[in-house]
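# Overview (structure and organization)
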Amino acid sequence: MIGFRIAAAEFQPEAERDSIAVPSCGGYVSFEGWVRNRNEGQEVLRLEYQAYEALALKEGNRIMAEAAERFPVEHALCIHRVGELGVGDLAVWVGVSAGHRDEAFRACRYIIDEIKHRVPIWKKEYYTGGDSGWVNCEACSHHPDHEHS
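A few points on the structure. Keep in mind the model is a prediction, meaning the values are calculated, not measured.

As a rule of thumb, non-glycine residues mostly have phi less than zero, and peptide bonds are mostly trans rather than cis. With a phi close to 50°, Glu40 is a non-glycine residue in the positive phi region. Among the structural elements, Glu40 can be located in the loop between strand 3 (38-39) and strand 4 (42-51).

Listed below in structure tokens is the structure:
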């Protein structure tokens, strides 16, 4: 299973992990991105994610296929939430299973970096002072191990 999904409702990462756990894989890595309560010196109350869904699914699945081609992984899945999320809510999950840990780690990192950099999903933060603002996440996707496609 290689895929990218968008979820408007909460999901259980444990169930998703179970869907990609197979006996032929000795390595499993996951990443969970949660809504934090502070960003750039401001206290955050909640977030809102919006997506251009058709393009997000197309590009997200392209990234997943790239990861499967670059790294010898058997399964890779990424789910990104949309809608309003509170502090502590799960916003994005990536799970990768492979024959060995190295390719699972590398593929997981590649997937989250590329998702943040290329997929049209936008984040709006709401602050305690009553202000809100759209957040540019381009800087959070930089990693020295790979160049973006």
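Evaluated as defined, the whole model comprises one aromatic pair. We note Arg17 situated over the ring of Tyr28; from NZ or CZ to the ring centre the distance is 5.3 Å. Positioned above the aromatic ring of Tyr126 is the side chain of Arg46, whose terminal nitrogen or guanidinium carbon lies 4.0 Å from the ring centre.

Before going further, it helps to examine the nonpolar core. Counting 32 residues, the largest nonpolar core has Phe4, Cys78, Val96 and Ile111 as its most contacted members. Of all the secondary-structure elements, those providing two or more residues to this core are strand 1 (2-7), strand 4, helix 2 (53-70), strand 5 (73-81), strand 7 (90-98), helix 3 (101-118) and strand 8 (121-127). In terms of residue count, helix 3 provides more of this core than any other element does, seven residues in total. Setting aside chain neighbours within four positions, we find Phe4 in contact with Ala56, Leu57, Gly60, Asn61, Met64, Cys78, His80, Ile115, Val119 and Ile121. Core analysis: the second largest hydrophobic core is formed by seven residues, Ala7, Phe11, Ile79 and Leu90 among them.

Thresholds applied
- Residues numbered from 1 in each chain as written.
- Predicted model: local features only at pLDDT ≥ 70, side-chain atom pairs only at ≥ 80, totals over all residues.
- Heavy atoms only, no water.
- Helix = DSSP H or I, 4+ residues; strand = E, 2+ residues; numbered from the N terminus.
- Phe/Tyr/Trp six-rings, centres within 6.5 Å; stacked < 30°, edge-to-face > 60°.
- Lys NZ or Arg CZ within 6 Å of the ring centre and 35° of its normal.
- Core = buried A, V, L, I, M, F, W, Y, C linked by side-chain atoms within 4.5 Å.
- Buried < 20%, exposed > 50% of the residue type's maximum accessible area, 1.4 Å probe, protein only.
- Contact = heavy atoms within 4.5 Å.

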